[in-house]
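An overview of the molecular structure
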Amino acid sequence: MNLKTRFGTLTNFSRLNFFFYQFTRPCTTSTNPTTAKKASKSKKATPEFVDFVQLKAVGGAGGQGLPKYGGFGGDGGKVIVRADKKVKTLKSVLVNYPRQFCKAGTGENSTRFHVLGESGKDLEIRVPRGITVHKADGTKVDLNEQGESCTVSEGGPGGNHNTKFLGLKGQENIINLELKLIADVGLVGFPNAGKSTFLNTISKAKPKISEFPFTTIAPQIGMMVFDDGRKISVADLPGLIEGAHQNFGMGIKFLRHAERTKTLLFILDINPFQLSEKYPQRSAFETLLLLIKELEEYGHGILDKPAMLALNKIDTDPSETKVNKLMDLVKNLPDSLDQVTPDFHPTSVIHFEKIFTMSAKKKRNILSVKNGIREVMDVNAEKKRLELSEHTDSTDNKDDWMFINSEHVKSKLV
């Protein structure tokens, strides 16, 4: 078909518009499914749970000075990390900075009409509370409260007499942002102890549950809600294995989250445990001692936290023989350590403020566990309040004594 036949009914103006559209329209992407599939594969997906991000943070360059008029360039902007309660996850940082690169604003150049250049705009990286910032100089800064911040890269100075009126580059630093979950209760236990099932039972959280180890590969947080409106957050943390303190298994990834919980709830399967054929089978008592040893080796004050113990899967022990024997061994610590070889002996024995028996799967004794957790948390909160009150009173008394003593000295001088 020739152009005359095809466009014979068009006016001169409409013909001109049509040809302009044909030659200036944007190129369209291919709809080939194979091509689209390759493109989707090449794009790096952001993981669902992010607890560690590395960024290159660059301070803004200083603006150029103006020697003829003695003008100073503006300083470059800083890169600042700030805790914000509106930010819920560290994933948002990866979404906002997919190239893991950020840079503050450049300082304004000096001009004859504006001799002093304006400083460059600071860049604020908003992060959730509970972040530890690993700075380039090796120092660590915890951002736990709303609005807390730290500067990770300084801007370059603007052009001035000392720089021969040349604006200098800002700092270029590699920083690491590490998230440690903040929760009231941290669930501690080896794989398949029933932590995820317990969390699913007491809250609306829906962690993955199966009969295979490591079904929890990212921390999950659920909320226990009581009839009077009280809420207690519970974190289901990835399962430990032997050698976790040396970063085997979930290793440090798990243990650093346990640091930020107020209370620990050990969940122990009353049946023997064997992670795989590579590991020997352990009795429930041996498993508990190994769990304590792992936390002990990691340190960081984890075992100084208030702790409780829940003996799980009692539905598999109708005669209660296993439960009663295990309960006796736990209650008689450290004397009961002679029942196992020295390899299982922790340096110090943990004191459990409460010991529960339950079946998370069958929902047996769950209410008593919830109420017990609340009671332990309330008791320890009151202890802390009293300690703080006593500390404040002693400080006030010291200040009063210093004031009285200073007045006495003044009177002597007079």
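About the thresholds
Counting restarts for each chain, with residues numbered from 1 along the sequence as it is written. Only residues with pLDDT of at least 70 are given local features in this predicted model, and only at 80 or more are side-chain atom pairs given and counted; all residues enter the totals for whole chains, interfaces and linings. Where side-chain values are given, they derive from all heavy atoms of the structure, hydrogens and water being excluded. Numbered from the N terminus, helices here are DSSP runs of H or I no shorter than four residues, and strands are runs of E no shorter than two. With a 1.4 Å probe rolled over the protein chains alone, any residue whose accessible area is under 20% of its type maximum counts as buried; one over 50% counts as exposed, and the rest are partly exposed. We get accessible surface area from the Shrake-Rupley algorithm with a probe of 1.4 Å; when it comes to residues, only the shown protein chains can shield them. DSSP bridges decide pairing: two strands pair if at least two such bridges lie between them. Angles shown run from 0 to 180 degrees and are taken between the N-to-C directions of axes, each axis being a line fitted to C-alpha atoms and, for helices, limited to the stretch in contact. What counts as a ring pair is set by centres within 6.5 Å for rings of Phe, Tyr and Trp (its six-membered ring), and what kind of pair is set by the plane angle: stacked under 30 degrees, edge-to-face over 60, tilted for all other angles. Over a ring means this: the NZ of a Lys or the CZ of an Arg is within 6 Å of the ring centre and within 35 degrees of the ring normal. Residues enter a patch when their relative accessible area is above 30% and they make no salt bridge; the linking distance is 9 Å between like charges and 5 Å between nonpolar side chains (Val, Leu, Ile, Met, Phe, Trp, Tyr). Whenever a carboxyl oxygen of Asp or Glu lies within 4 Å of a side-chain nitrogen of Lys or Arg, that contact is scored as a salt bridge. For this analysis, residues touch if any pair of their heavy atoms sits within 4.5 Å. Note: pLDDT gives the predictor's confidence per residue, expressed from 0 to 100. This arc describes the spread of directions from the helix axis toward the C-beta atoms. Only buried Ala, Val, Leu, Ile, Met, Phe, Trp, Tyr and Cys residues count toward a nonpolar core, and they belong to the same one when joined by side-chain atoms within 4.5 Å. Rotating anticlockwise by less than a right angle from the far helix to the near helix defines a left-handed crossing, while the corresponding clockwise rotation defines a right-handed one. Helix span is expected to be 1.5 Å times the residue number reduced by one.

Some details on the overall build of the chain
A count of helical and extended segments in the chain gives 9 helices and 14 strands. Taken across its 414 residues, the chain has 41% of its residues classed as buried. In the form shown here, the chain has an accessible surface area of approximately 24600 Å², with 53% of it arising from carbon and sulfur atoms.

What to know about the sheet that holds strand S6 (residues 140–143)
Pairing is mixed in the open sheet, where 5 strands are placed in the order S3-S1-S8-S5-S6. A strand with exactly one partner marks an edge of an open sheet, and here the two such strands are strand S3 (101–103) and S6. On average, each strand axis in the sheet is inclined to that of its neighbour by 25°, with strand direction left out of account. Here strand S1 (residues 52–58) pairs with strand S8 (residues 172–179) via 7 bridges, running antiparallel. Residue Val53 lies in a different strand from S8, and its bridge partner there is Leu177.

Points about the packing of aromatic side chains
Enumeration over the complete set of coordinates arrives at 3 aromatic pairs. Centre to centre, the rings of Phe190 and Phe273 are 5.6 Å apart; their planes meet at 5°, and the pair counts as stacked. Linking Phe190 in the loop between strand S9 (183–188) and helix H5 (195–202) with Phe273 in the loop between strand S12 (261–269) and helix H7 (284–298), this pair joins segments that are 83 residues apart in sequence. Accessibility classification places Phe190 together with Phe273 in one group, the buried group. Its guanidinium or amino end placed over the ring of Phe226, Lys370 lies 5.4 Å from that ring's centre, counting from NZ or CZ. Just above the ring of Phe226 sits the side chain of Arg374; from NZ or CZ to the centre is 5.0 Å.

Some points on the sheet that holds strand S2 (residues 79–83)
Strands sit in the order S4-S2-S7 across an open sheet of 3 strands; the sheet is mixed. Taken across any chain shown, the strands that pair with only one partner, and hence form the sheet edges, are strand S4 (123–127) and strand S7 (149–153). Across the sheet, the mean angle separating the axes of adjacent strands is 25° when strand polarity is ignored. Relative to S4, S2 runs parallel, the two being bridged by 5 bridges. For Val79, the partnering residue across the bridge sits in S4 and is Leu123.

Some remarks on a nonpolar patch on the surface
A contiguous nonpolar surface patch, about 350 Å² in accessible area, is contributed by Tyr69, Phe72, Val115 and Leu116. If you trace the backbone, Tyr69 turns up in the loop between S1 and S2. On the accessibility criterion, Tyr69 (41% relative accessible area) is partly exposed.

Observations regarding the environment of Ile232
Position of Ile232 among the secondary structure elements: in strand S11 (residues 231–236). The exposure class assigned to Ile232 is buried, which follows from its relative accessible area of 0%. If we ignore the near neighbours within four places in the chain, the residues touching Ile232 are Asp184, Val185, Gly222, Met223, Met224, Phe226, Arg374 and Met377.

Quick word on the confidence of the model for the chain
Residue-level pLDDT values for the chain average 80, and 73% of them are 70 or greater. Predicted confidence in the chain is weakest over helix H2 (residues 12–24), with a mean pLDDT of 43, and strongest over S7, with 98. A low-confidence stretch, residues 33–43 stays under pLDDT 50, and its non-local contacts, those more than four residues away or across chains, total 1 contact.

Considering H5
Residues of H5 that are buried: Lys195, Ser196, Phe198, Leu199 and Ile202. One side of H5 holds all its buried residues, which, seen down the axis, span an arc of 160°.

Looking at the nonpolar core
With 32 residues, the main nonpolar core has Phe266, Leu288, Leu309, Leu326 and Phe352 as its most contacted residues. Listed by contribution, the elements that provide at least two residues to this core are S12, H7, strand S13 (307–312) and helix H8 (321–331). Ranked by residue count, the leading element in this core is H7, at 9 residues. Other than its neighbours up to four places away in sequence, Phe352 contacts Phe266, Leu288, Ala307, Met308, Leu309 and Val330. Formed by 24 residues, the second largest nonpolar core is a distinct cluster that contains Tyr97, Leu123, Ile125 and Leu179.

Re the packing of H7 against H8
Contact geometry of H7 with H8 gives a least axis separation of 10 Å together with a crossing angle of 35°. In the crossing of H7 with H8, the sense of the turn from one axis to the other is right-handed. Residues Ala284, Phe285 and Leu288 of H7 form the contact with H8, whose participating residues are Leu326, Leu329 and Val330.

Focus: H7
Counted at 1.5 Å a residue, the expected span for H7 with its 15 residues is 21 Å, and the 21 Å between its end C-alpha atoms agrees. A large share of H7 lies buried, amounting to 13 of its 15 residues. Following H7 by one or two positions, His300 has its phi on the positive side, about 60°.

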